[in-house]
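Coordinates in review
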Amino acid sequence: TMIIKLNGKDEKFEKKLTISELINIKKLDKNGVVVLLNDKVIKRDRFDEFIIKDKDRVEILRFVAGG
């Protein structure tokens, strides 16, 4: 198992994940989010390439329409 810091909270997963897999697990739309992996912005077209590892820090920021 691995533990990552997701939006400031520890979360446990059974295996390493790509950013795309994490977004799917969290039932988010990848077109509506910005992802930071260890404080680095990851481009949406590279979500399948980046593997999240034990102790990584992930921030998923969602766009919210409103006014």
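See the structure above.
Just so it is clear, the structure is predicted and the values come from calculations on it, not from any experiment. Throughout this document, residue positions are counted from 1 along each chain, in the order its sequence is written. Whole-chain, interface and lining totals are the exception, using all residues; otherwise, since this is a predicted model, local features are given only for residues with pLDDT of at least 70 and side-chain atom pairs are given and counted only at 80 or more. As a rule here, side-chain values come from all non-hydrogen atoms in the structure, and water together with hydrogens is ignored.

Put simply, DSSP marks the helices as runs of H or I at least four residues long and the strands as runs of E at least two long, and each gets a number from the N terminus on. Regarding its fold elements, the chain presents one helix and seven strands. The secondary structure elements of the chain, listed N-terminal to C-terminal, are β-β-β-α-β-β-β-β. Here the C-alpha atoms of the chain give a radius of gyration of 12 Å, agreeing with the 11 Å that 2.2 N^0.38 yields for 67 residues. For the chain, the C-alpha atoms occupy an extent of roughly 40 × 25 × 20 Å along the three principal directions. Three exposure classes are used, based on accessible area relative to the maximum for each residue type with a 1.4 Å probe and protein chains only: buried under 20%, partly exposed in between, and exposed over 50%. Within the span of the chain, comprising 67 residues, buried residues form 28% of the whole. Contacts are assigned to residue pairs that have any heavy atoms within 4.5 Å of one another. A separation of at least 24 residues holds for 50% of the contacts in the chain among residues at least 6 apart in sequence. Residues scored as positive are Lys and Arg, those scored as negative are Asp and Glu, and His as well as the terminal groups of each chain are ignored. Here the site of a charge means NZ on Lys, CZ on Arg, CG on Asp, or CD on Glu. Of the charged side chains in the chain, 16 are positive and 12 negative, and the gap between their average positions amounts to 1 Å. We take the radius of gyration over the C-alpha atoms and set the globule estimate at 2.2 Å times the residue count to the 0.38 power.

Moving on, we get to the sheet that holds strand β7 (residues 57-62). Taken in spatial order, the five strands of this open sheet run β2-β1-β7-β4-β5, and their pairing is mixed. The strands lining the two open edges of the sheet, one partner per strand, are β2 (9-13) and β5 (40-42). Mean inter-strand twist for the sheet, computed between neighbouring axes without regard to direction, equals 35 degrees. At least two DSSP bridges between two strands are needed for those strands to be called paired. Interaxial angles span 0 to 180 degrees and are taken between N-to-C directions of axes, which are lines fitted to C-alpha atoms, for helices over the stretch in contact.

We now examine the pattern of salt bridges. Any carboxyl oxygen of Asp or Glu that lies within 4 Å of a side-chain nitrogen of Lys or Arg is treated as forming a salt bridge with it. Inspection of every chain in the model, using the stated rule, returns six salt bridges. The shortest N-O distance in the salt bridge between Asp39 and Arg57 comes to 2.6 Å. Separated by 18 residues along the polypeptide, Asp39 in the loop between β4 (33-37) and β5 and Arg57 in strand β7 bring together distant segments of the chain. Residue class for Asp39 comes out exposed when judged on its relative accessible area of 62%.

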